[in-house]
Amino acid sequence: MGKPTIIIHLIILSVLLMLTAMPVVHALDKSPKAVGRWFKKLDNAKQKTTKLHFYFHDLATGGKNETSSVIAQATNITSQSPFLFGILRMIDDPLTVGPELSSKRVGSAQGIYGSAAMNEFGLLMNFNFVFTDGPYNGSTLSLLGRNAISNEYREMPIVGGSGVFRLARGIATAKTYFANFTVAIVEYHVIVLHY
């Protein structure tokens, strides 16, 4: 083995050791057997309603603080479209309790969105709200729907979840708090049914 190969092996070993030494961030067992046991209890389980409120920060600013990056666009259409039809962005956007980016962070929105309308600003949104704080730490909600960003309020479906939000379904209502060409701050109210 050459020197570069040994260094690569040491780096991999260090990462594996760090991962195995990390504390468990939540107590919900996600093993297949535990999920099976949980599923068997559903007949007697009571459905819960949870309401969430947070702010989504989409930062297409370039540089190290960017959280939204273009990953594809339609070569002949996007540059000619007043609505950027065909552009696709990958996101890892902060979710905070207040509209200021410096307010307490509760998670991230991770996934993709793209301009899917040729005659208006209409986005196809496909991402997960990944919660990293509080009672929902380690849980997710999956959003898939149309976001007509010119409307004051937009309603999008919650189509699933994990962790505390297993079998979730519900509605996310979005309202733009602030937007310019590089930053969008969106207020979300989410109501979900889950077990």
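Structure: see above.
So, here's what we can say about the structure. These figures come from a predicted structure and were not determined experimentally.

Analysis parameters
Residues numbered from 1 in each chain as written. Predicted model: local features only at pLDDT ≥ 70, side-chain atom pairs only at ≥ 80, totals over all residues. Heavy atoms only, no water. Helix = DSSP H or I, 4+ residues; strand = E, 2+ residues; numbered from the N terminus. Buried < 20%, exposed > 50% of the residue type's maximum accessible area, 1.4 Å probe, protein only. Polar contact = N/O pair within 3.5 Å; in protein donor to acceptor, adjacent residues only side chain to side chain. Patch = residues over 30% accessible without salt bridge, like charges linked within 9 Å, V, L, I, M, F, W, Y side chains within 5 Å. Areas by Shrake-Rupley, 256 points an atom, 1.4 Å probe, with all protein chains shown as cover. Salt bridge = Lys/Arg side-chain N within 4 Å of Asp/Glu carboxyl O. Contact = heavy atoms within 4.5 Å.

**With respect to the side chain of Ser81**
Then, number 1: Positionally, Ser81 belongs in the loop between β2 (68–72) and β3 (88–96).
Then, number 2: Classification of Ser81 as buried rests on a relative accessible area of 12%.
Then, number 3: Of the polar contacts made by the side chain of Ser81, one reaches the backbone nitrogen of Phe83; its length is 3.0 Å.

**Section: a nonpolar patch on the surface**
Then, number 1: On the surface, a nonpolar cluster with roughly 260 Å² of combined accessible area is contributed by Leu124, Leu144 and Val159.
Then, number 2: By the element assignment, Leu144 lies in strand β6 (residues 140–147).

**Structural notes on the environment of Phe131**
Then, number 1: Looking at the element boundaries, Phe131 is found in strand β5 (residues 123–131).
Then, number 2: Placed 32 residues apart in sequence, Phe131 and Gly163 show a C-alpha to C-alpha distance of 10.0 Å.
Then, number 3: Sequence-distant contacts of Phe131, that is, excluding residues within four places in its chain, are made with Leu52, Phe54, Val106, Gly107, Tyr136, Asn137, Gly138, Ser139, Thr140, Leu141 and Phe165.

**A few points about the pattern of salt bridges**
Then, number 1: Applying the stated criterion across every chain yields a total of three salt bridges.
Then, number 2: With its nearest N and O atoms 3.5 Å apart, the salt bridge here joins Glu152 to Lys175. Separated by 23 residues along the polypeptide, Glu152 in the loop between β6 and β7 (153–162) and Lys175 in strand β8 (residues 169–179) bring together distant segments of the chain.
Then, number 3: When its relative accessible area of 27% is taken as the criterion, Lys175 is described as partly exposed.

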